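# A structural walkthrough
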Amino acid sequence: MDYEPIRKTEINETAVRPNLLDYGKARQGFGWEDINKELDRFDDGGINIAYEVVDRHVKTPMKDKIALYWEGKNGESEEYTFHDLSKLSNRFAGALRNLDVRKGDRVFTYMDRTPEQYIALLGALKIGGVIGPLFSAFGPDAVKDRLGDCEAKVLITTPRLVNTVHEVLDDLPALNTIIIVNRRGVPYDLKDKEFSYETLMDAAPEEFEIEKTHAEDYAIIHYTSGTTGKPKGVVHVHEAIMGHYATAKYVLDLHQDDIYWCTADPGWVTGTSYGIFGPWSNAVSQVVYEGGFGAGHWYRVIEKYKVTVWYTAPTAIRMLMKSGEKPVRKHDLTSLRYMCSVGEPLNPEAVLWSKEVIGLPFHDNWWQTETGCIQIANYPVQDIRPGSMGRPFMGVTPTILDDNCEKELPPGEEGHLALKAGWPSMFRTYWNKKELYESRFKGDWYITGDRATMDEDGYFWFVGRADDVINSGGHLIGPFEVESALIEHPAVAEAGVIGIPDPLVMEVIKAFVSLKDGYEPSDELMRDIKKFARKKLHAVACPRKIQFIPGLPKTKSGKIMRRLLKARELGLPEGDTSTLEE
Ligand code: PRX
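Residues numbered from 1 in each chain as written. Predicted model: local features only at pLDDT ≥ 70, side-chain atom pairs only at ≥ 80, totals over all residues. Heavy atoms only, no water.

## Overview of helix H14 (residues 348–358)
The test is simple: For every residue, the accessible area (1.4 Å probe, protein chains only) is compared with the maximum for its type, and the residue is labelled buried under 20%, exposed over 50%, or partly exposed between those bounds. Put simply, DSSP marks the helices as runs of H or I at least four residues long and the strands as runs of E at least two long, and each gets a number from the N terminus on. Contact between two residues is taken to exist if any of their heavy atoms lie within 4.5 Å; hydrogens are not considered.
Every buried residue of H14 is listed here: Pro348, Ala350, Val351, Trp353, Ser354, Val357 and Ile358. Looking at the buried residues of H14, the elements they touch are helix H11 (295–305), strand S12 (309–312), helix H12 (314–323), helix H13 (326–329), strand S13 (338–342) and strand S14 (362–366). Among the residues trailing H14, Gly359 stands out with phi positive, at a value near 100 degrees.

Here it is, written out as structure tokens:
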């Protein structure tokens, strides 16, 4: 179904003059050197993300501006100025250096969204560490796979979560420092290799000489899922701040007096690129809410902090829609002036709903862990075409390629979404997987793994993934990771995992399981397998549905044909089955 565009003139966002006034002109005249002028490099051309997002503001009138409004899950509120964050991250950096943590060491966080996580990540960047934030919902295997893959040396966690780490500690020989943040002061006895965050911070000085990192030094690792193998570490460099800064300014349209709220957790790239780097490099105040989703809570946060710019995700928006108009009416949301969404296709209905009920449409934008920052977006100065991801950001050239990723296709034809390689925030490698990294490029083009179309006016429209990766509520899940966890269950012989459509979270996981001899399908066994998976994986990566089948369809070379499982599940044509095992 086609939807009428939402004209800019219909949207009451005009009270603030957008940073991007003329899209065509801006695209034509754009050069990254102009963005560079707005940042503050070291004299030798080096750059450090933590310096750009916090320390440089301390030399300006922004010093005493609130950078972080923190709202705890139990209703606690705290405020931190840029100066506070600078001093606290200095202390943490000093503590790390005392513990002999050096430039290039991988420093992970595994904790809820409390101020200490933000302080720790900034402090680790200041010593030149490579930061890796993990979701606190991860199970032991998910933690082990990530820390083990890049041989993380330091982990910052909490008394509650460290128990999960203890389960896999023997498999993590490189991990020699665990820092326990105990903000709620629960009784906890430090074990071998463990240090108290609070004690370290008390002992560390407020001054710290920041590591003069180079533009190409590694800064961040985010693990993301692909079709095969375990999650891969997407590596970003300090130079990436150019992209975070520019897109936060021109796509999220952040202005000095905004109060911005990004609902994403730093475990997901959105929660770092736009939950730390984008807003703070623009010296904008932001809200961090420790609690999870709840329509009432979320609207209350907007009302309490007078949030002006809001960045969230389609699943959350669909959940807000489900909770209806009533909670919206109970709150004063008039502070909001601009709203964006990312992570999954944003249904046109959600755009229209938000315009109708909240009074503003969500602006969809598209990017990936690998791209580091927003690549395609709806901008404040343009009409919104509901259902479209929008148009390319300045300095970014997307196209649609044919099935062989060789020829560019004309408007209207569906194909592989590809980007001309070479923007500052683009990933530099997959950790220890150079070949896989190189396989993502064809000539000058980076092949995104998504299928899309482009219309005559250069708006891009998402069609679907080109691979088996599942998107559940914005989380990418590699079927292999789930299958690997399932076959560790004593009853499971083989497992094939697919995504099936879900109206709320887009896709949920369905696993087809064949059992070992001596085991019979039963509801109890199904429950036990689900419980087993939940312990090993992130909650969203656990199968919602399990179907027992005698054997899985496989290729002659023994690969599970997920495509066939999916076609059969959804009643679609089975396509080419010539490689199917007899
Ligand atoms: O498939 C696309 C989907 O999410 C993928 C990127 O996931 P991840 O690396 O976890 O995301 C990082 C930050 C967004 C894409 O390849 N995706 C993302 N945005 C959109 C989207 N699909 C449709 N519309 C979007 N706006």
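## Quick word on the packing of aromatic side chains
We count it as follows: Only rings of Phe, Tyr and Trp enter the pairing, Trp through its six-membered ring, and a pair is recorded when the two centres are within 6.5 Å. The plane angle decides the type: under 30 degrees is stacked, over 60 is edge-to-face, the rest tilted. Two conditions define a charge located above a ring, namely a distance within 6 Å from the ring centre to NZ of Lys or CZ of Arg, and an angle within 35 degrees of the ring normal.
Under the counting rule described, the total for this entry stands at 24 aromatic pairs. Here Phe441 and Tyr446 contribute two aromatic rings whose centre-to-centre distance is 5.6 Å and whose plane-to-plane angle is 55 degrees, an arrangement assigned as tilted. Judged by relative accessible area, Tyr446 falls into the buried class, the value being 1%. Put simply, the rings of Trp261, Tyr289, Phe293, Trp298, Trp310 and Phe362 touch in pairs and so form one group of aromatic residues. The ring of Phe138 is capped by Arg146, whose NZ or CZ atom sits 4.3 Å from the centre of that ring.

## Comments concerning the nonpolar core
Under the convention used in this document: For this analysis, a nonpolar core means a set of buried residues of the types Ala, Val, Leu, Ile, Met, Phe, Trp, Tyr and Cys, connected via side-chain atoms within 4.5 Å.
Counting residues in hydrophobic clusters, the biggest one holds 95 residues, and the most contacted among them are Tyr274, Trp280 and Tyr311. Here this core gets seven residues from one element, more than from any other, and that element is helix H5 (residues 115–126).

## What to know about unusual backbone geometry
You will see that Asp100, though not glycine, has its phi angle at about 70 degrees, which is positive. By secondary structure assignment, the location of Asp100 is in the loop between helix H4 (82–98) and strand S3 (106–110). Of note, Cys405 is a non-glycine position whose phi angle comes to about 55 degrees, a positive value. Relative to the helices and strands, Cys405 is located in the loop between strand S17 (398–401) and strand S18 (415–420). The class of Cys405 is buried, set by a relative accessible area of 12%.

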